[in-house]
Amino acid sequence: RASFGNPRSPPVAPHCNDLLMEPASPKASESNRAILKFREQLARQTAGDLPADKEPITISIDTPPVEAFTYLSRQGIRACPVLNNDNSIAGTLDLRDSCGLICHLYSESLGADQAKPALERQGSMNILKPSDADISEVAKRRPFVTFPASATLVEVATALATGSHIVGIMGGAEAHRGLSRVVTQGILLGFIAPEFESVHMPVKACMSQPVVSMLVTEPALKGFELMASRAVSCIAVVDEDQDGRVVFNMSATDARTFFGSAERDPITDLGMEVGDFIVEKQLQASSNKTRAPITVCTENDDLHGTYLMVLYVICI
């Protein structure tokens, strides 16, 4: 029912993905049987059951890159569908695609008397430069997957776990190319959380790749550079003075900090230490002028309990 194209982000661990797709085995462990029961619950629910809180937000393929990412930031969203001039769907624009662009923008902003940073090779998905006229090429490289309202939540969950941060559900007005809603990973997780409570498994069962990290004293620029060159959406920020403890999480959504929003001024000094960059972002976002700690978990913690603590966690 859906065309996935070529996934651009790492797939979930084979253990979890296989359980979404395969029938129960008589030899399945208790943990696996619980997950398979959860899968059966998802198979009884459809994409049309998901909440549609607001009309789909889209953007034109002719939009210049900086304007496009500023738009995402001011809308408070991670990604959105990109429309061709005939209103057909060209692909997806994701804040992940701004990381390489941010590095180039910062480098170009430095004065002639300032040393330019030596940028590492950017990932193939982050080919945008300030001189690019529009977002057409990057949008076409990230397909926008759509489903009919009758598709099962297993199908939707599989797409969101294997390369798409957002998917579309059809059955809406023609003004939105038939889209009734855009579903994010967070929307789906929030919707299925009650059913997920019956599944008990350790966090390590869903760990699919090593964590990419940087030091809290390194410049914020390096965080965006790592996300661009490693094609990841999250960086663990560690403190050597605390025995390598994870103290912050930097993610692609921090691009909103660089581009600014309706409520916050942009923070464009990427030469500052990443710890200070994140704290400055937190100060703008809250009236509570204290450093917000990051929530961490161990690989043996219960996955559902961890999810209830925080949407994004870094395992230690």
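Before any of the text, the structure's been laid out above.
Scope of this entry: the structure provided in the associated data block. (Residues numbered from 1 in each chain as written. Predicted model: local features only at pLDDT ≥ 70, side-chain atom pairs only at ≥ 80, totals over all residues. Heavy atoms only, no water.)

### Describing the overall build of the protein
Worth spelling out the cut-off: Counting from the N terminus, the helices are the DSSP runs of H or I reaching at least four residues and the strands are the DSSP runs of E reaching at least two. Accessibility here uses a 1.4 Å probe with only protein chains present; expressed as a share of the type maximum, an area under 20% marks a residue as buried, one over 50% as exposed, and anything in between as partly exposed. Using a 1.4 Å probe, accessible areas were evaluated by the Shrake-Rupley method; residue-level cover was limited to the displayed protein chains.
Along its length, the protein carries 11 helices and 11 strands. Taken across its 316 residues, the protein has 46% of its residues classed as buried. As displayed, the protein offers around 15400 Å² of accessible surface, 50% of which is attributable to carbon and sulfur atoms.

### Quick word on the packing of aromatic side chains
Let me state the cut-off plainly: Two aromatic rings, drawn from Phe, Tyr or Trp (for Trp, its six-membered ring), form a pair once their centres lie within 6.5 Å of each other, and the interplanar angle then sorts them: stacked below 30 degrees, edge-to-face above 60, tilted otherwise.
Enumeration over the complete set of coordinates arrives at three aromatic pairs. Residues Phe224 and Phe277 carry aromatic rings whose centres are separated by 6.1 Å and whose planes lie at 90° to one another, so their mutual orientation is edge-to-face. Here Phe224 is found in helix α8 (residues 220-230), whereas its partner Phe277 is found in helix α10 (residues 274-285), with 53 residues between them in sequence. Comparing Phe224 with Phe277 shows no difference in burial state: the two are buried. Centroid distance Phe258 to Phe259: 5.3 Å. Interplanar angle 85°. Geometry classified as edge-to-face. Phe259 matches Phe258 in its accessibility class, with the two residues each being buried. A network of ring pairs unites the aromatic residues Phe69, Phe258 and Phe259 as a single cluster.

### A few points about the pairing of strand β2 (residues 79-83)
Two faces make up the sheet, and in a regular strand the side chains alternate between them. Going by this rule: A pair of strands is labelled paired if DSSP reports no fewer than 2 bridges between them. With the strands aimed away from the viewer, a crossover counts as right-handed if its path from the first strand over the helix to the second runs clockwise.
Of all the five residues making up β2, five are buried; the element is thus mostly covered by neighbouring parts of the structure. Note that strand β1 (residues 59-60) and β2 share two bridges and pair parallel. Across the sheet, Ser60 pairs through a bridge with Leu83, a residue of β2. With respect to chirality, the unit in which β1 leads through helix α3 (residues 65-75) into the neighbouring parallel β2 is right-handed. Relative to strand β3 (residues 89-94), β2 is paired through five bridges, and the arrangement is antiparallel. Residue pairing across strands places Leu83 opposite Ile89, the latter belonging to β3. Following β2, the chain reverses through five residues before pairing antiparallel with β3; Asn87 in that reversal takes a positive phi of roughly 70°.

### Considering unusual backbone geometry
The backbone phi angle of Asn87 is positive, close to 70°, even though this residue is not glycine. Within the secondary structure layout, Asn87 lies in the loop between β2 and β3. Despite not being glycine, Ala231 has its phi angle at roughly 55°, a positive value. Along the chain, Ala231 turns up in the loop between α8 and β8 (234-239). Given the relative accessible area of 39%, Ala231 is considered partly exposed.

### Concerning the sheet that holds strand β7 (residues 213-215)
Our working definition: Lines fitted to C-alpha atoms define the axes here, with helix axes fitted over just the stretch in contact, and angles between the N-to-C directions of these axes take values from 0 to 180 degrees. Contact criterion: two residues are considered in contact whenever any of their non-hydrogen atoms come within 4.5 Å of each other.
Strand order in the open sheet formed by three strands is β7-β8-β9, with mixed pairing between adjacent strands. Edge positions in the sheet fall to β7 and β9 (245-251), since each has one partner strand and no second. Put simply, the sheet's adjacent strands are angled 35° from each other on average, direction ignored. As paired elements, β8 and β9 share six bridges and run antiparallel to each other. Residue pairing across strands places Ile235 opposite Met250, the latter belonging to β9. Sitting on the sheet, α8 touches β7, β8 and β9, and the angle it makes with β9 is about 65°.

### Digging into the sheet that holds strand β4 (residues 146-147)
Two modes of strand pairing occur in sheets, parallel and antiparallel, and in both the strands are linked by backbone hydrogen bonds. Strand order across the open sheet formed by three strands is β4-β5-β6, with mixed pairing between neighbours. Strands at the two margins of the open sheet, each flanked by one partner only, are β4 and β6 (179-184). As paired elements, β4 and strand β5 (residues 166-170) share two bridges and run parallel to each other. Residue pairing in the sheet places Thr146 in a bridge with Gly168 of β5.

### Overview of the pattern of salt bridges
What counts is decided by this rule: A pairing counts as a salt bridge when a side-chain nitrogen of Lys or Arg comes within 4 Å of a carboxyl oxygen of Asp or Glu.
Counted by the stated rule, this structure contains six salt bridges. Between Asp94 and Arg78 there is a salt bridge; the shortest N-O distance is 2.7 Å. Taken together, the residues Asp94 in strand β3 and Arg78 in the loop between α3 and β2 connect sequence positions 16 residues apart. The buried category is assigned to Asp94, whose relative accessible area is 1%. Residue classification places Arg78 among the buried residues on the basis of a relative accessible area of 11%. Through salt bridges that share partners, Arg78, Asp94 and Arg96 make up one connected network.

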